[in-house]
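# Working through the structure, step by step
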Amino acid sequence: QVQLVESGGRLVQPGGSLKLSCAASGRTFRMHNMGWFRRAPEKEREFVSALTWHDGTTVYADSVKGRFTVSRDGAGNTVYLQMNSLEPENTAVYYCASGLVSTVSVRAARAYTDWGKGTQVTVSS
């Protein structure tokens, strides 16, 4: 079992940037695909981005493509989500998740087995 801890969320003005981190303990992310999801107030959890471990393929929701970038450290202990040009609509709790997820299923929250508790991102002036 892996424990995931997100960090980096805070209040930021529209147009600003944030970099979220997801640190793993218990085991590394190696061989596990990683996902970022978010839940905005009164909305369903939604897919944001994913990173496949075997070849580093990145996948993004259309709403964040070109503004968000997912990456990992070489040791396989931390995954990042760089968020640029933030908009109020990006306000949400952001969660990272990991699991033995097939590449075709990386957008599906149910495919992930391990989840962090989330970090709050608030975009407001």
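Note: the structure precedes this text.
Below is a short write-up of the structure. Keep in mind the model is a prediction, meaning the values are calculated, not measured.

## Observations concerning the packing of aromatic side chains
By the definition in use, this model includes four aromatic pairs. Measuring from ring centre to ring centre gives 5.7 Å for Phe37 and Phe47, while their planes differ by 75°; the resulting arrangement is edge-to-face. On the criterion of sequence distance, the pair formed by Phe37 in strand E4 (residues 33–39) and Phe47 in strand E5 (residues 46–51) is long-range, its members being ten residues apart. This pair shows no difference in class: Phe37 is buried, exactly as Phe47 is. Ring centres 6.2 Å apart and planes at 70° place the aromatic pair Tyr112 and Trp115 in the edge-to-face group. Tyr112 gets classed as buried once you look at its relative accessible area, which sits at 5%. Following the ring pairs from residue to residue traces out a cluster consisting of Phe37, Phe47, Tyr112 and Trp115. Note that Arg45 overlies the ring of Trp115, its terminal NZ or CZ placed 4.5 Å from the centroid. The aromatic ring of Trp53 is capped on one face by Arg72, whose charged end is 4.2 Å from the ring centroid.

## Observations concerning the state of the cysteines
Scanning all chains against the criterion turns up one disulfide. Residue pairing for Cys22: its cysteine sulfur links by disulfide to Cys96, the two sulfurs lying 1.9 Å apart. Classification of the bridge connecting Cys22 and Cys96 rests on its S-S torsion, roughly 55°, and on that basis the disulfide is right-handed. Of the two residues, Cys22 sits in strand E3 (residues 18–25) while Cys96 sits in strand E9 (residues 92–99), which places them 74 residues apart along the sequence. Here the two residues Cys22 and Cys96 agree in accessibility, since each one is buried.

## Let's talk about the environment of Val101
Inspection of the secondary structure assignment puts Val101 in the loop between E9 and strand E10 (114–115). Spatially, the C-alpha atom of Val101 lies 32 Å from that of Gly16, the residues being 85 residues apart in sequence.

Each value, and the rule that gives it
- Here, residues in each chain are numbered from 1, in the same order as that chain's written sequence.
- This being a predicted model, a pLDDT of at least 70 is required before a residue's local features are given, and a value of 80 or more before pairs of side-chain atoms are given or counted; all residues contribute to the totals for chains, interfaces and linings.
- Note: side-chain values were computed over all heavy atoms of the structure, leaving out hydrogens and water.
- Two aromatic rings from Phe, Tyr or Trp, using only the six-membered ring of Trp, form a pair when their centres are within 6.5 Å; if the ring planes differ by under 30 degrees the pair is stacked, by over 60 it is edge-to-face, and anything between is tilted.
- Numbering goes from the N terminus for both helices and strands, where a helix is a DSSP run of H or I of at least four residues and a strand is a run of E of at least two.
- Relative accessibility under 20% of the residue-type maximum defines a buried residue, over 50% an exposed one, and the middle range a partly exposed one, all with a 1.4 Å probe and only protein chains included.
- Each ring is checked for a lysine NZ or an arginine CZ that lies within 6 Å of its centre and within 35 degrees of its normal; such an atom marks a charge sitting over the ring.
- Note on terminology: pairs of cysteine sulfur atoms within 2.5 Å are recorded as disulfides.

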